[in-house]
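# Report on the structure
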Amino acid sequence: MRIAVAGATGLVGAQVVSLAREEGHEVVEIARRTGFDLTDPDTTGLESALTGADAVVEVTSYPSIDEAEATSFFTTVATNLGRAATAAGVRRGVVLSIVGIDESQDYGYYRAKLAQERATRAAAAGALVLRATQFHEFARQMLEWNTRAGVARIMDVPTQPVDTAEVARVLVDLATGALDRDTDLAGPREERLVDLVRRYADHVGAVVRVEPGEAPASMAGGSMLPGRDALLRGIDWETWLARQPARR
């Protein structure tokens, strides 16, 4: 198959590209680094690149959790990419989203992700959504984003993080048709986010005090956890942590 990957140079996208090629598929890498601006309304070059593709996988990301900015970015990209893919005759579009966003509409970034899903379904032919729980790397990101003056205040919420290798695996399966339905994906074990951040900080020797912080009511109530029909795959967080560079 010929598979286009939007966000091809990111954490998940690079793994999707590698796995698809390992399986013998032709891959079109769509990213700023490869010359594409998915926010540009002129999609002529994008349509040309997508010609002959069987599927498009979108794993783009936005660096801010600001709702208005994230919504504008995600919906613009989804619309431009979907329209270009449809014009090019692509019959399947797969987008990566987040478990629990329907139940977490009290959190602005999740409202932005839901808007992305809706824009994808409106613009792309054969749209499918993979909702994944937080990645194992999320604990590191939360530590980096929330540390101020030696203190990190972290949302005290339940989570069930997943390995990004499994996310890439399921995205490729959706692109190829090995899976043919909207899918939720999570790791094997439920954790507390504040505990993960505390353990990660200790592992890397970060000089920081990790404290429980406020969280949206939906997330505190478990909206980030997978439902009964979710796929549970991959290594647990502790196994992932053991593979990360430790303090010396």
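Above this text sits the structure in question.
It should be emphasised that the depicted structure is a prediction, and the values quoted were computed from it without experimental measurement.

## Re the side chain of threonine 183
Within the secondary structure layout, threonine 183 lies in strand 9 (residues 183-186). If sequence neighbours within four positions are ignored, threonine 183 has contacts with Val129, Leu130, Arg131, Val170, Leu174 and Leu231.

## Section: the sheet that holds strand 9
Read across the open sheet, the 7 strands follow the order 2-1-3-4-5-9-12; overall the sheet is parallel. The open sheet has two free edges, formed respectively by strand 2 (26-30) and strand 12 (231-232), since each of these has just one partner strand. Bridging between strand 3 (residues 55-58) and strand 4 (residues 93-98) involves 3 bridges; their strand directions are parallel. Bridge pairing in strand 4 places valine 56 opposite glycine 93. Where helix 1 (residues 11-22) meets the sheet, it contacts strand 1 (2-6), strand 2 and strand 4, and its direction lies at approximately 160° from that of strand 2. Each of strand 1 and strand 3 is contacted by helix 3 (residues 67-87), which is oriented at about 170° to strand 3, the strand it contacts most.

## Points about the packing of aromatic side chains
Per the stated rule, a full pass over the model turns up 7 aromatic pairs. Ring centres of phenylalanine 73 and phenylalanine 74 lie 5.5 Å apart, and the angle between their planes is 65°; this geometry places the pair in the edge-to-face category. Residue class for phenylalanine 73 comes out buried when judged on its relative accessible area of 16%. Centroid distance phenylalanine 74 to tyrosine 109: 6.0 Å. Interplanar angle 70°. Geometry classified as edge-to-face. Pair noted here: phenylalanine 74 is in helix 3 and tyrosine 109 is in helix 4 (residues 108-123), with a separation of 35 residues, a long-range link. A residue is classified by how much of its surface remains accessible, and tyrosine 109, at 14% relative accessible area, is buried.

## Here we look at the pairing of strand 1
The element strand 1 is largely enclosed, with a buried count of 5 among its 5 residues. Alternating positions in strand 1 separate into two faces, Arg2, Ala4 and Ala6 on one and Ile3 and Val5 on the other, with burial throughout. Across 5 bridges, strand 1 lies against strand 2 in parallel orientation. Across the sheet, residue alanine 6 finds its bridge partner in strand 2, namely isoleucine 30. Crossover strand 1 to strand 2 through helix 1 is right-handed.

## Here's the deal with helix 1
With 12 residues, helix 1 extends 17 Å from end C-alpha to end C-alpha; this agrees with the ideal 16 Å at 1.5 Å per step. For helix 1, the set of buried residues is Val12, Gly13, Val16, Val17, Leu19 and Ala20. Check the buried side of helix 1 and you find it contacts strand 1, strand 2, strand 4 and helix 6 (164-176). In the stretch just after helix 1, glycine 24 is the one whose phi turns positive, near 95°.

## Quick look at the packing of helix 5 (residues 138-146) against helix 7 (residues 193-204)
Packing of helix 5 against helix 7 brings their axes to within 9 Å, and their N-to-C directions diverge by 80°. Taken together, the axes of helix 5 and helix 7 are roughly perpendicular relative to one another. Packed against helix 5, whose contacting residues are Phe138, Ala139, Arg140, Met142 and Leu143, the element helix 7 presents Leu193, Leu196, Val197, Tyr200 and Ala201 at the interface. Class assignment for the residues of the contact of helix 5 with helix 7 results in 9 nonpolar, no polar and 1 charged.

## Thoughts on the sheet that holds strand 7 (residues 151-155)
The strands making up a sheet associate through backbone hydrogen bonding, with each pair oriented either parallel or antiparallel. Pairing is mixed across the open sheet formed by 3 strands, whose spatial order is 6-7-11. The open sheet is flanked by strand 6 (147-148) and strand 11 (209-213), the only strands paired with a single partner. Direction of pairing for strand 6 relative to strand 7: antiparallel, over a ladder of 2 bridges. Bridged to threonine 147 within strand 7 is alanine 152. Contacting strand 6 and strand 7, helix 5 runs over the sheet at an angle of about 125° to strand 7. Strand contacts of helix 7: strand 7 and strand 11, with the helix running at about 170° to strand 11, the strand carrying the most contacts.

## A look at the nonpolar core
Grouped together as the largest cluster of nonpolar side chains are 48 residues, with contacts concentrated most on Ile30, Leu46, Leu50, Tyr110, Ile154, Leu193 and Val197. In terms of residue count, the dominant contributor to this core is helix 3 (7 residues). Sequence-distant contacts of isoleucine 154, that is, excluding residues within four places in its chain, are made with Met142, Asn146, Leu193, Val194, Val197, Val210, Glu211, Pro212 and Gly213. Residues Ile3, Val12, Leu130 and Val162 belong to the second largest nonpolar core, which totals 28 residues.

Conventions used here
Residues numbered from 1 in each chain as written. Predicted model: local features only at pLDDT ≥ 70, side-chain atom pairs only at ≥ 80, totals over all residues. Heavy atoms only, no water. Helix = DSSP H or I, 4+ residues; strand = E, 2+ residues; numbered from the N terminus. Contact = heavy atoms within 4.5 Å. Pairing = 2+ DSSP bridges. Axes fitted to C-alpha atoms, helices over the stretch in contact; angles between N-to-C directions. Phe/Tyr/Trp six-rings, centres within 6.5 Å; stacked < 30°, edge-to-face > 60°. Buried < 20%, exposed > 50% of the residue type's maximum accessible area, 1.4 Å probe, protein only. Right-handed = clockwise from strand over helix to strand, strands pointing away. Expected span 1.5 Å × (residues − 1). Parallel < 35°, antiparallel > 145°, perpendicular 65-115°, else oblique. Nonpolar A, V, L, I, M, F, W, Y, C, P; charged D, E, K, R; others polar. Core = buried A, V, L, I, M, F, W, Y, C linked by side-chain atoms within 4.5 Å.

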